[in-house]
Structure formats: C-alpha cells, structure tokens
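Chain by chain, the residues:
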Amino acid sequence: MFKKDLKIAVIGGGSSYTPELIEGFIKRYNELPVKDLYLVDIEEGKEKLEIVGGLAKRMVGKAGVGINIHLTLDRREAIKDADFVVTQFRVGGIDARIRDEKIPLKYDVIGQETTGPGGFAKAQRTIPVILDVCKDIEELAPNAWLINFTNPSGVITETVLKHTNVKAIGLCNVPIGMVYGVAEMLEVDPKRVYIDFAGLNHLVWGTHIYLDGEDITEKLIDSFAGGKSLSMKNVPQLPWDPDFIKSLGMYPCPYHRYYYLTDQMLEKQKEEAATVGTRGEVVKKLEQELFELYKDPNLNIKPPQLEKRGGAYYSDAACSLICSIYNDKKDIHVVNVRNNGTIADLPDDVVIETNAIIDRNGAHPINIGHVPAKIRGLMQAVKAYEELTIEAGVKGDYYTALQALTIHPLVPSAMIAKKILDDIIEQNRDYLPQYK
C-alpha cells in the first residue's frame with residue numbers, strides 16, 4: 001500500500017532551478033501526491049528563497065493542486081520524516097564558481113565548474129556539507145531517498161554511498177539533453193529515442209542510439225561527422241572533427257570537448273573570460289534577471305527564460321525519478337549509481353552514470369561488461385581522480401588532494417597541480433573546514 005501525503009525536502013530551495021521542480025511536481029500530482037514541499041536554504045539565501053517561494057506558491061495556486069509550500073532556514077525541520085530529500089545547493093554561491101573558473105585559467109588550464117580543477121574545488125566545498133545533510137537524514141528520516149543533483153553529481157553521490165547509510169541516487173541533465181538533442185536532429189518525439197549510456201557524470205558516452213527500437217548509431221555518427229553538433233548552454237559549441245567522430249563510433253557528451261578538444265576549448269575560455277566573462281559571470285547576470293522576473297506578483301508559471309540557465313531538464317528528471325520510485329514503475333532512467341560490476345573495468349564501490357531500472361528499492365543498473373579500450377583509459381583516469389577527490393574532501397588531506405589534481409587528464413604537471421591546489425585552499429578557506 002503506497003503512502004499518500006508525501007513530504008519532500010529540497011535543500012537549496014532558493015535555487016533559480018526550483019520553478020522547474022515545482023512544475024514537475026504539479027504535472028505529476030495525480031500519480032505523485034506531494035502534500036508538503038519544504039524549500040530550505042541558508043541565511044545568505046533567504047531573500048532568494050522568499051522570491052522563489054512566492055513564485056512556487058503562485059504556481060501551485062494557479063494549478064489548483066494541494067501541495068503546501070513551506071519556506072524555512074531550519075534544515076532539520078524540513079528533513080524530519082521526509083520521504084524524499086532533493087539536494088541542489090551550491091556552497092559559496094555563484095562567486096565561488098567564478099573563482100573556480102578563474103584559478104585554473106591563470107595557469108593555462110581549463111577552468112570549468114565541474115570538470116578538472118574547478119570541479120575539484122567545488123567538490124571540496126560541497127563534501128563537508130553533504131555529509132552534514134546526511135547525518136540529519138540518518139537521524140530524522142532514515143527511510144528517505146536522497147536524490148542528488150548538486151554538482152559534481154557523480155562525486156557527491158559516491159561520497160554519500162561510501163561514507164553514509166543514506167539511500168542515494170544521483171542525477172544529471174546531460175544524458176536527457178543528449179536524448180532531446182538526437183530527437184531534435186531527427187525531428188521526432190524524444191520518447192521514440194533511446195540511448196545506451198556508459199561512463200561517469202559529465203564523462204558519459206552514448207554507445208548505441210535507437211529510434212523506435214532500431215539501432216541508428218552508425219547513421220547518426222555520419223550526421224555528427226557531417227557537421228551536425230549537439231551541445232549545451234554551459235559548454236562552448238566547438239565542432240567535432242569528422243574523422244575523430246567516425247573513429248570514436250559513439251556519441252560523446254558535450255563535456256568531452258574539454259578532453260578531446262582541450263587546446264581549442266582553453267583558447268575559447270580565455271577569449272570569453274577577457275570579453276564577456278567566464279560562464280559563471282554570465283550566469284550571475286542571468287540569475288539576477290531571473291530573480292527580477294520571479295518577483296513579478298503576476299508571474300505564476302515557470303518563465304521560458306529559465307532554459308537559458310543551462311540546467312534544462314534537471315528538475316523534471318528529479319520529479320520523474322521520484323515518481324518512478326514511489327510508484328514502483330520499473331522503468332529506465334539514466335542515473336548515477338553504485339557500479340557493483342556493471343562496468344567490469346571499474347571498482348565495484350564507485351559511482352557510474354548509466355541506464356538503470358528504477359523501482360521502489362532504487363536503481364538497478366543494466367549490465368555493460370567491459371568497455372572498448374578507446375574510452376576505457378580516459379574513464380579509468382578520471383575515476384581515479386574522483387576517488388582521490390572524495391578521499392581528500394572527507395579527510396582534508398593535502399597530499400591526497402595534490403595527487404587527485406596531478407592525475408587529472410586536464411592538469412599538465414605536478415607543479416601546476418600544486419599551484420592550483422594552494423590557490424584553491426587559500427581562496428576557499430571559509431568553506432574548507434576539513435583542511436584546517
């Protein structure tokens with residue numbers, strides 16, 4: 001017998017993404033009976049929480065659904081007896097992201113929010129907070145599911161699964177964006193497209209692409225090689241080399257450009273940083289515009305401008321996943337989940353991003369076996385970096401952190417890794433209690 005009157009807590013409720021989450025719950029209200037939705041934030045986010053919360057209440061009112069929206073700075077009150085906890089927070093806010101982008105660029109290294117040294121810095125700030133949130137869940141809502149899309153999503157989900165007793169599944173909008181991208185290219189409904197995914201968060205390959213069950217991978221690879229390209233708002237859209245795409249024989253995710261087109265991407269980043277600003281600086285302006293829109297007392301729907309923010313489909317994916325767990329749907333989602341032998345070339349206890357069957361007991365990844373050598377090396381190198389990043393973030397160990405950055409494929413040497421690490425620690429002191 002399913003429980004009615006669900007309680008859901010959203011940590012980082014003042015996020016500009018929240019209206020998409022609200023829209024997702026409204027849309028699914030008949031099969032996902034959310035009674036109490038707690039939007040939680042911290043003191044510094046209070047104003048944003050009130051603005052977003054006001055819009056959320058207007059959206060729910062317009063839809064005529066019985067969801068009670070609660071705005072609070074009391075995380076424990078929000079988590080107590082929750083059925084699901086959704087995490088979508090950014091420690092240090094957008095200004096910390098901008099620093100994460102600028103520090104590596106100073107040393108001619110890619111400066112990106114989740115990939116390379118920027119992702120490392122974000123993980124170090126986030127790990128102490130997610131462990132703290134999980135302590136509250138263990139105490140106050142031991143049966144709750146944690147749905148994480150705090151970035152870097154794979155690293156944060158793996159931290160939770162390795163270091164807490166919380167049931168957790170990680171999510172990312174990249175695989176959904178890739179499915180929608182193929183659908184757009186073929187001018188078909190996305191429901192007709194299915195992709196086999198294998199890899200890690202922000203390092204995932206589409207190994208096979210199907211339309212109505214027919215394998216169209218080869219045909220699509222030819223289209224990519226012919227210049228058709230898919231990207232995301234937050235990743236510069238540089239074209240792929242046709243011979244490279246044919247040799248890969250798979251569908252790379254937008255973030256692969258940082259690894260496969262490193263020199264071009266670095267030049268593009270430096271050029272943007274010197275003119276329009278880093279992606280974080282652009283997003284900061286976008287966010288200010290969004291919150292101005294959200295303040296409008298007549299606005300009672302998710303504004304279309306939110307799509308420009310770069311996180312399209314994130315929140316809808318979260319609602320869809322929660323709905324599948326609650327309704328024991330046994331349908332397939334692409335999630336960040338414990339490997340447990342799914343990819344034979346990676347340790348069992350690490351988190352991978354892949355297709356999984358979702359039911360009331362969680363995510364059950366579909367077996368992959370060994371992956372081809374052409375993607376195996378990069379996958380293993382980045383995974384080793386992630387394992388060390390988690391260990392460094394949990395223990396606050398400088399030497400582990402130095403090794404993590406040194407072995408990342410985007411960092412050219414140990415000396416540059418050390419300079420970047422010292423800058424990261426120096427500029428994030430307030431957010432790195434584990435390094436004191």
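Everything numeric in this text was worked out from a predicted model, so none of it was measured. (Residues numbered from 1 in each chain as written. Predicted model: local features only at pLDDT ≥ 70, side-chain atom pairs only at ≥ 80, totals over all residues. Heavy atoms only, no water.)

Caption draft 1: Local environment of the pattern of salt bridges. Taken as a whole, this structure holds 30 salt bridges when the rule is applied. Linking Glu287 and Lys48 is a salt bridge whose minimum nitrogen-to-oxygen distance equals 3.4 Å. In this pair, Glu287 is assigned in helix α12 (residues 279-294) and Lys48 in helix α2 (residues 46-63), connecting sequence segments 239 residues apart. For Lys48, a relative accessible area of 36% translates into the label partly exposed. Via salt bridges that share partners, Arg75, Arg76, Asp132, Asp136 and Glu139 belong to a single interconnected network. (Salt bridge = Lys/Arg side-chain N within 4 Å of Asp/Glu carboxyl O. Helix = DSSP H or I, 4+ residues; strand = E, 2+ residues; numbered from the N terminus. Buried < 20%, exposed > 50% of the residue type's maximum accessible area, 1.4 Å probe, protein only.)

Caption draft 2: Quick look at helix α15 (residues 398-407). Within α15, burial applies to Thr400, Ala401, Leu402, Ala404 and Leu405. Tucked into the core, α15 has its buried residues touching α5 (117-140), α14 (373-395) and α16 (414-427). Residue Asp397 occupies the N-cap position of α15, its side-chain oxygen lying 3.3 Å from the main-chain nitrogen of Tyr399. (Contact = heavy atoms within 4.5 Å. Polar contact = N/O pair within 3.5 Å; in protein donor to acceptor, adjacent residues only side chain to side chain.)

Caption draft 3: Structural detail: the pairing of strand β5 (residues 145-148). The two faces of β5 match: Trp145 and Ile147 on one face and Leu146 and Asn148 on the other face are all buried. With 4 bridges connecting them, strand β4 (residues 84-87) and β5 associate as parallel partners. Its bridge partner lying in β5, Val86 is registered against Ile147. Examined bridge by bridge, β5 and strand β6 (residues 167-170) share 4 bridges and lie parallel to one another. The residue bridging Trp145 from the neighbouring strand is Lys167, located in β6. (Pairing = 2+ DSSP bridges.)

Caption draft 4: Summary view of the state of the cysteines. Enumeration over the complete set of coordinates arrives at 0 disulfides. Of all cysteine sulfurs, the one in Cys172 lies closest to Cys134, which takes part in no disulfide; the gap is 19 Å. We note that Cys319 lacks a disulfide partner, and the nearest cysteine sulfur, in Cys323, lies 8.8 Å from it. The class of Cys319 is buried, set by a relative accessible area of 0%. (Disulfide = S-S within 2.5 Å.)

Caption draft 5: Seen up close, the nonpolar core. Grouped together as the largest cluster of nonpolar side chains are 116 residues, with contacts concentrated most on Ile8, Phe25, Leu37, Phe120, Ile147, Tyr294 and Val335. Sorting elements by how many residues they give to this core places helix α13 (residues 314-326) first, with 9 residues. Membership of the second largest hydrophobic core comes to 29 residues, among which are Val85, Cys134, Val155 and Val351. (Core = buried A, V, L, I, M, F, W, Y, C linked by side-chain atoms within 4.5 Å.)

Caption draft 6: Representation of a negative patch on the surface within the structure. A surface patch of negative charge is lined by Glu214, Asp215, Glu218 and Asp222. Among the secondary structure elements, those contributing two or more residues to the negative patch are β9 (214-215) and α8 (217-225). For Asp222, the location among the structural elements is in helix α8. (Patch = residues over 30% accessible without salt bridge, like charges linked within 9 Å, V, L, I, M, F, W, Y side chains within 5 Å. Areas by Shrake-Rupley, 256 points an atom, 1.4 Å probe, with all protein chains shown as cover. Lys, Arg positive; Asp, Glu negative; His and termini not counted. Charge placed at Lys NZ, Arg CZ, Asp CG, Glu CD.)

Caption draft 7: Looking closely at the packing of aromatic side chains. Evaluated as defined, the whole model comprises 7 aromatic pairs. With a centroid separation of 5.9 Å and 25 degrees between ring planes, the pair formed by Trp240 and Phe244 is classed as stacked. Residue classification places Trp240 among the buried positions, given a relative accessible area of 10%. Ring geometry for Tyr255 versus Tyr258: centroids 6.2 Å apart, planes at 45 degrees, classification tilted. This pair shows no difference in class: Tyr255 is buried, exactly as Tyr258 is. Taken together, Trp240, Phe244 and Tyr260 form an aromatic cluster joined through their ring pairs. Positioned above the aromatic ring of Tyr38, the side-chain terminus of Lys7 is 4.4 Å from the ring centre. (Phe/Tyr/Trp six-rings, centres within 6.5 Å; stacked < 30°, edge-to-face > 60°. Lys NZ or Arg CZ within 6 Å of the ring centre and 35° of its normal.)

Caption draft 8: Molecular detail of the UniProt feature "site: Increases basicity of active site Tyr" (unreviewed entry) in the protein chain. Residues annotated by UniProt as "site: Increases basicity of active site Tyr" (unreviewed entry) correspond here to Glu113. With respect to the secondary-structure elements, Glu113 resides in the loop between α4 (93-106) and α5. Among the residues examined, Glu113 registers a relative accessible area of 6% and is labelled buried. Excluding residues within four positions of it along the chain, Glu113 makes contact with Arg90, Arg97, Glu101, Gly118, Gly119 and Lys122. A polar atom in the side chain of Glu113 sits 2.9 Å from the side chain of Arg90. (UniProt positions renumbered as here; feature names shortened; annotations may be inferred.)

Caption draft 9: Quick peek at a nonpolar patch on the surface. Among the surface-exposed residues, Tyr194, Ile332, Ile357 and Ile366 lie close enough to one another that they form a single nonpolar patch of about 290 Å² accessible area. By the secondary structure assignment, Ile366 is in the loop between β13 (362-365) and α14.

Caption draft 10: Main features of helix α1 (residues 18-27). In terms of burial, α1 is largely enclosed, as 8 of its 10 residues are buried. Looking at α1, one finds that the buried residues are Thr18, Pro19, Glu20, Leu21, Ile22, Gly24, Phe25 and Ile26.

Caption draft 11: Representation of unusual backbone geometry in the model. Pro152 follows Asn151 through a cis peptide bond whose omega is -10 degrees. In the Ramachandran plot, Lys330 falls in the positive-phi region, its phi being about 60 degrees despite a non-glycine side chain. Relative to the helices and strands, Lys330 resides in the loop between α13 and β11 (331-338).

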